[in-house]
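# Fold and geometry: a report
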Amino acid sequence: AIGRSYARWIVGITVAVVAAMACALALAPFEMLTPDFSPSSSILAAREDARMESVHAVNQHVEDVQETQAFDFGRFMIIFWARAGPQLLTEGVVRRIKEIEDMVLTYPGYEDVCFHSQDQPGGCRLPGSVVDVLYPSERSLGGLKHLMVPDRQGELVEDIPGTVWNSTKSPATSWVTALVPTDEACVRVPHVCGMARTVFSLGGPIGGYRNLADRKEEQRRARFRFLQGLARDVLFPVARNSSEPVRVAFSGDELWRYELSLYMAKDAFMTTGSALLLLLYFAFHTGSLALALGGVANIVLAFPASYVLYRTLLGLRVNGLTVMAMFVVLGIGADDVFIVVDAWKRSLEARRGLGPGVPVDVRAGWVLAQAAPAMAITSATTISAFLTSCLSIIPTIRLFGTFAAIVVAANFALVCTFFLAIVCAWDVHLRPKEEGRASAGARSRSSFPASTPQAKGSRAPTPGEPGS
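Note that the structure is a prediction, hence the values are computed from the model and not measured. (Residues numbered from 1 in each chain as written. Predicted model: local features only at pLDDT ≥ 70, side-chain atom pairs only at ≥ 80, totals over all residues. Heavy atoms only, no water.)

Scanning the protein chain for helices and strands turns up 14 helices and five strands. Across the protein chain, every contact between residues at least 6 apart in sequence was considered, and the portion connecting residues at least 24 apart equals 69%. Accessible surface for the protein chain amounts to roughly 24,300 Å². Of this, 62% is attributable to carbon and sulfur atoms. (Helix = DSSP H or I, 4+ residues; strand = E, 2+ residues; numbered from the N terminus. Contact = heavy atoms within 4.5 Å. Areas by Shrake-Rupley, 256 points an atom, 1.4 Å probe, with all protein chains shown as cover.)

So this is what it looks like as structure tokens:
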């Protein structure tokens, strides 16, 4: 059937896969842990809504007016490690930590997205940082009484490790306990602490919006744009600078989503490069650019076909590891393409196959009978290997194994139908032309035979002599 109506099979399968993908996206939008795809229905967005409703009892009616940035809408964190030696709490390092934090606090737009606390009216809440207690300001209580306020406005204290550890014991500054490690080296004198973290709070609703529900997606995108610029201009340059006296990392839901989007873009570029290399090798192996393009198209179509089953029917979500199945199926799909093409070339030989002059539908049936069992065995073993990952307790690994198994099965089905139809079309319309060009090139080369050098001491025959 494929050999008799290969054009219908090619067009029909392509249209069916594209239409099914469009319906799947309409019924179940592409969900990824990055706002570039579908922030309104992402896992993190749902978690934020649930947290806001449960913790703050936020009324989600657009008509209500809420105080600007009065609700804690999330956090991001900067983590500092000692680069030289085990001790982080040295004067030079602490000063650099304060400079990095001040770069964040003074970054354009921070005041528009920070959390406004009641104890600091009209301003952003100070980040949770050891710098707060290491740069206290002195306030007079009258007479000889003074109070040291951890507001990062004073001068750096002399005993840095002791001040940090004493702050963990004071009820007023016990929050420092969550910012430094509590291992034995940090607890005991001289309090060698190799790590500290700083927590920044984001607030909502953003200025210009009535409440958290007012144009909620616009508020999310505004916060994301700020964090994207902050990571690009401040956090990434500092983290990648090996000359810094302190090693820096950063974390947080929104920052993680931004970093994931960067990795996704890099992986997409690498996948494109892999597909181009595969295309070149297809063309080299098959001797036909048309077959090479058909093989790559077959592999590409396996992904939307798999998404329909994975996302719509099974209701599973795509994550960063799931997308890595593209690299796996490039190799597996290439094997199946080579098997079909080699079986077709064997069918053209009278000794091992059917020989020339056989109708294309008969040849397609013979090729499928020869190639399908081998492809089925290899695909089945690969699918079984991927499905064993469903036994893992890690959800990301289970999702990857499930999606990869579906992609391998879809690729097998497409090779047996879509790519076989492409080979039939190539055999009828393009193979005679390609062989004609190849034979014409061979004849043109043979019409100019290479001259053989004359032996030393010999002469050219004169006319009338033998060999003249």
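This part is about the pattern of salt bridges. Summed over all chains, the structure comprises eight salt bridges. With a closest N to O distance of 3.1 Å, Asp132 and Arg152 form a salt bridge. Of this pair, Asp132 sits in helix 5 (residues 130-134) while Arg152 sits in the loop between strand 3 (145-149) and helix 6 (160-169), placing them 20 residues apart in sequence. The burial state of Asp132 is the same as that of Arg152; both residues are buried. Each of the salt bridges in this network shares a partner with another, and the network as a whole consists of Lys98, Glu101, Asp102, Asp132 and Arg152. (Salt bridge = Lys/Arg side-chain N within 4 Å of Asp/Glu carboxyl O. Buried < 20%, exposed > 50% of the residue type's maximum accessible area, 1.4 Å probe, protein only.)

A surface patch of nonpolar side chains, amounting to about 370 Å² of accessible area, comprises Leu321, Ile393, Ile394 and Ile397. Its location among the elements puts Leu321 in helix 11 (residues 320-323). (Patch = residues over 30% accessible without salt bridge, like charges linked within 9 Å, V, L, I, M, F, W, Y side chains within 5 Å.)

Applying the stated criterion across every chain, the model contains ten aromatic pairs. Measuring from ring centre to ring centre gives 5.2 Å for Phe282 and Phe338, while their planes differ by 85 degrees; the resulting arrangement is edge-to-face. Remark: Phe338 occurs in helix 12 (residues 325-347) and Phe282 occurs in helix 9 (residues 253-286); sequence separation between them is 56 residues. As far as burial versus exposure is concerned, Phe282 and Phe338 are alike and both buried. Directly above the ring of Tyr135 sits Lys98, whose terminal nitrogen or CZ lies 5.3 Å from the centroid. (Phe/Tyr/Trp six-rings, centres within 6.5 Å; stacked < 30°, edge-to-face > 60°. Lys NZ or Arg CZ within 6 Å of the ring centre and 35° of its normal.)

With that settled, consider the confidence of the model for the protein chain. Overall, the prediction assigns the protein chain a mean pLDDT of 77, with 78% of residues at 70 or greater. The least confident element of the protein chain, judged by mean pLDDT, is helix 2 (residues 43-55) at 45; the most confident is helix 3 (residues 91-105) at 91. Note that pLDDT drops below 50 for residues 33-62; the model gives that stretch 59 contacts with residues more than four away or on any other chain. (pLDDT = per-residue confidence, 0-100.)

In terms of nonpolar packing, the biggest core is built from 59 residues, with Phe282, Val340 and Trp344 touching the most fellow members. Those elements that provide at least two residues to this core are helix 1 (6-27), helix 9, helix 10 (289-313), helix 12, helix 13 (360-387) and helix 14 (395-446). By residue number, the principal contributor to this core is helix 14, which donates 21 residues. Excluding residues that lie within four positions of it along the chain, Val340 makes contacts with Val367, Ala371, Met375, Val415, Phe419, Leu420 and Val423. (Core = buried A, V, L, I, M, F, W, Y, C linked by side-chain atoms within 4.5 Å.)

On to the pairing of strand 1 (residues 71-82). Counting buried residues in strand 1 gives nine out of twelve residues, a clear majority hidden from the surface. Where strand 1 meets strand 5 (residues 246-252), seven bridges bridge the pair, whose relative direction is antiparallel. In the strand pairing of strand 5, Phe76 is matched with Gly252. (Pairing = 2+ DSSP bridges.)

Let us now look at unusual backbone geometry. Omega for the peptide link from Val189 to Pro190 comes to 15 degrees, which places this bond in the cis form. Looking at where Pro190 falls in the secondary structure, it is placed in the loop between helix 7 (184-187) and strand 4 (195-204). One non-glycine residue, Arg152, adopts positive backbone phi at about 55 degrees. For Arg152, a relative accessible area of 5% puts it in the buried group. In the Ramachandran plot, His191 falls in the positive-phi region, its phi being about 60 degrees despite a non-glycine side chain. Structurally, His191 is set in the loop between helix 7 and strand 4.

What follows deals with the sheet that holds strand 1. Spatially, three strands are ordered 4-1-5 in an open sheet, and the strand pairing comes out antiparallel. Lying at the two open borders of the sheet, with one neighbouring strand each, are strand 4 and strand 5. Within this sheet the neighbouring strands show an average axis-to-axis angle of 20 degrees, counted without direction. The strands touched by helix 8 (residues 216-239) within the sheet are strand 1, strand 4 and strand 5, with strand 5 carrying the most contacts at an inclination of about 160 degrees. (Axes fitted to C-alpha atoms, helices over the stretch in contact; angles between N-to-C directions.)

A few words now on the environment of Thr14. With respect to the helices, strands and loops of the structure, Thr14 is situated in helix 1. A C-alpha to C-alpha distance of 7.7 Å links Thr14 and Leu301, two positions 287 residues apart in sequence. Excluding anything up to four places from it in sequence, Thr14 contacts Leu301 and Phe418. There is a polar contact of 2.8 Å between the side chain of Thr14 and the backbone oxygen of Ile10. (Polar contact = N/O pair within 3.5 Å; in protein donor to acceptor, adjacent residues only side chain to side chain.)

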